[in-house]
Amino acid sequence: SKGPLTYRLRPRQEETVRASPPGTRPFAAMYIPKRSVADHEAQDSPDLDTKDFEDIQREQESASFLRRHSNVERIEGAAREYTFQAMKLLAGENEDLLDRNIMLHNLEAQQKRNIGLLSLPFSLMFFFSFAYSAFQHEDVTNRYVIESGLSTVLAKGASDISNIAETWDWLNTTLFPIMFNQKDFRGMHLDDKLEWSRVLSYNSLVGPLFIEQERSEKAMCNNDESGISDNMYCYDMMSTDHQPFGRGVPWFQITPPKGGEYKSDNITMKERIEYYNRPFAVAAAGPKGPNARSLRTMVPTYQDRLSGGEMSAGIGDGSSYYRAMFFRNMEYSLLQERLNYLYEREWLDKQTKHITIYATFLNVEMGRPRLQSYMLTLSFARSGDVFRKLRLDTIFLSFWSGFTSYAADGGYAVMLIIVTSLEVRAMFRKRKARKLWKHVCTGWFLLQVATAAIGWLILLGYLYSNNQLGPLKKELDDIVDARETDMPAERNFLGDSFIDTAGKCSSFAGNLAIATAQYHLLLMMRFFVAFRAQPRLGVVVNTLEACMLDILHFLVILGPSGVAYAISGCFVFGKRLEEFSDIKSAIGYCFKIMTETEYDWPALSEEHFWTTGMWVWSFMIFLAVIMLNMVLAIVLDVYSEQRKSAGKSESIVETFASFYTVFKNRDRWVKNWKAIDTLKTAPRIFSREEFLKMFPGMADQQANIIISDCQAAAQNIHAGPDQMKHTMRMAMALKVSMDQVAEAVDELDSGSYRPTEDVPEMKEENWINEINKEMASQNHAMMSLQWQLQQLNWQWQSLDMAHGKGTVFNVSAVDASKATGKIL
């Protein structure tokens, strides 16, 4: 189009050019078009200003940067990738075209989903086997029936105690008549001592009733620098008194022992007096153990309300506790007399910090034989108020209820062995594949390890609990023998060791019950992993996982806001309302108001109406209405995105139907891993007929499912929110490709085309590669023709030099000379 081309040789490559064989590609690269004088004049024209030269230089620098080898590879790789994106768009619109990568992704997802769906029944069996085993050991229903009745009867009137005088009155008129009942339902005295001390008819008191106290020291107040309280007595809750105490009561008449009072033996008056005075000195050091600490620890709610800090309550080691024991085989008149003796000698006074009432009952009527421990703690705060804490625990004397319990534990142990074996096997496989660390860092590994480790610890706890019952039963037999022989109470010291052993068993059983309860929540986490395999259930699980980070960021704002309102409520309502008396209670009550949107307005607004109104109204608007609804908005927004990305997923009913279809066509159903191996060697885009040729024996149902899933996934991908981004990238890739084509065409037109020596190979065969090969073949042919034309040009120049320019050759004469053998 630009007329005849003239060529000039590069001076440094002249010899190389002449030595190059004809038809080789480097030959054409050694020639560049010769510019005309007009071109030089146009380039050197003074009409171009400095800015134009700067623009040209900048464009050249940009072009040279883009032509770097690394950038060219990236650009060409992007062009190839988004060329495939365009092909996938066409495949998504055309029902006869299928994308291999989408189909492979669907099959791999289907394979993982099948494994997850198969793990769901196992997870359910594992969970319910452990739950059934735990219920067999805990016997929750019967525990509630027994403990609810005992708590109602034995705590009757305790909530009305507000001082020491009312404590004595409650012991004398309420607790003792219930605890040491020696009459039948008609009010007649029972002669058989084995029928004494039964609560609610079927719970028999075993061992003594303990009443134990801890005392503070009485000293002059010296904690005031002004000296105002120097002439006052203080009873510091942080101090502990160990000295004997009690005022003298010479007028009090102790009933002397009489013959036949006990069946086994008679006692002396000295022994009775010593028995009456025993509670006024610290108890002898007894056995120590975990029970001493666990029973003396009060819950944090009560600890924070006491000026002395931690509340001590329970059976101690005897170093600082004053203990009174009341046995069931004493006549009720003697029990009441001894209680009055303690009252007259002021066993409870201003120095008393805490008292604990402890008793153990035996019940063999409901299910397995069991011991019911009863512990009521009263704390006398230096504010003048009395705080109460009631605790009932059950100690089963037979750990397994029968064959059903053994079978339940065996089934759970088998499930635990399977879980442990599978995880150990997976670890060895990952170690062999050198992916152990990656496997260890996954959440599933941590869940599996926690499931196996805690599960085995619980089984070991079952065995340890069963072993603890041996010493307890032995001491219980001694107490029962002492009751049957009617051992005198004044000589009976069997209760201390029994209470300590029972406390250990009760403490461990309580901790084991808490571990069992938390283990159920851990097993629940396995459900979420299994639920992810089902598409509809996976939407819910993915929503919870996706919105977790946003909720954590939201809590960063919600937490300080709620704490600020709780602290503000402490100052506004703390002096009047128990809910705001400390910061922890205030935070809990504020959370309750926010979630329930209910509050006691009359109690809150009793003082400072407008201040309360500002607090309540701002709290409800900011936290209950705005902040809480923002949490719902976050969850719903993520759920809508997950639901849209899932597309038209199958329901649970369809999942079971698909399993039935697989089972029905199991002879012709191709395994997923076989289909994946076959598709890895297939073209990137293929038709439905080509797919059916790959799997000639595949069931029609399976083929239709795979093809329909592939087409649906393609439509979801191309209709998703990222499609606009892909479209823009494809447009940029097409622009880069067209620029490269235009540049190559210009170089071909000008004769300066220089092919790249290290052209990256296409990893995948397609129609673009075929066109590239055809263009290379045509380029080779054109270069051969160019070489022939150049040789002809050299020959013509030789003729001009030999015969001169303008010489006319007679072609017909040449032909005639060839015929006669003459040469011109």
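Right above here is the structure, for reference.
Definitions and limits used
Residues numbered from 1 in each chain as written. Predicted model: local features only at pLDDT ≥ 70, side-chain atom pairs only at ≥ 80, totals over all residues. Heavy atoms only, no water. Salt bridge = Lys/Arg side-chain N within 4 Å of Asp/Glu carboxyl O. Helix = DSSP H or I, 4+ residues; strand = E, 2+ residues; numbered from the N terminus. Buried < 20%, exposed > 50% of the residue type's maximum accessible area, 1.4 Å probe, protein only. Polar contact = N/O pair within 3.5 Å; in protein donor to acceptor, adjacent residues only side chain to side chain. Contact = heavy atoms within 4.5 Å. Phe/Tyr/Trp six-rings, centres within 6.5 Å; stacked < 30°, edge-to-face > 60°. Lys NZ or Arg CZ within 6 Å of the ring centre and 35° of its normal. Pairing = 2+ DSSP bridges.

Enquirer: Please give an account of the pattern of salt bridges that cites residues and values.
Expert: Evaluated as defined, the whole model comprises 23 salt bridges. When the shortest N-O distance is used, the salt bridge between Arg143 and Glu147 registers 3.4 Å. Note that Arg143 and Glu147 are positioned in helix H7 (residues 140–154) at a spacing of four residues, about one turn of the helix. Given the relative accessible area of 15%, Glu147 is considered buried. One salt bridge connects Arg576 with Glu606, and the closest N-O pair in it is separated by 3.8 Å. Pair noted here: Arg576 is in the loop between helix H17 (535–573) and helix H18 (583–596) and Glu606 is in the loop between helix H19 (601–604) and helix H20 (609–646), with a separation of 30 residues, a long-range link.

Enquirer: Any chance you could break down the side chain of Asn142 for me, citing the residues and the numbers?
Expert: Inspection of the secondary structure puts Asn142 in helix H7. Side chain to side chain, Asn142 and Asp139 meet in a polar contact 3.0 Å long. When residues no more than four places from it in sequence are discounted, the contact partners of Asn142 are Met366, Gly367 and Arg370.

Enquirer: Explain the packing of aromatic side chains residue by residue, including any values.
Expert: Enumeration over the complete set of coordinates arrives at 31 aromatic pairs. For the pair Phe691 and Phe695, a centre-to-centre distance of 5.3 Å together with 55° between the ring planes defines the contact as tilted. Here Phe691 falls in the buried class, since its relative accessible area comes to 1%. Residue class for Phe695 comes out buried when judged on its relative accessible area of 8%. Taken together through their ring pairs, the aromatic side chains of Phe245, Phe252, Tyr275, Tyr276, Phe280, Tyr322 and Tyr341 make up a single cluster. The ring centre of Phe396 lies 4.0 Å from the NZ or CZ of Arg368, which sits over that ring.

Enquirer: Tell me what's going on with the pairing of strand S9 (residues 352–363), and back it up with residues and numbers.
Expert: Regular strands show a simple pattern: their side chains alternate between the two faces of the sheet. Counting buried positions along S9 gives 12 out of 12 residues, so the element sits mostly inside the fold. The pairing of S9 with strand S10 (residues 370–380) spans 10 bridges and is antiparallel. Residue Ile357 lies in a different strand from S10, and its bridge partner there is Leu376. Counting the residues between successive antiparallel strands, the hairpin from S9 to S10 contains six residues, one of them, Gly367, with a positive phi of roughly 70°.

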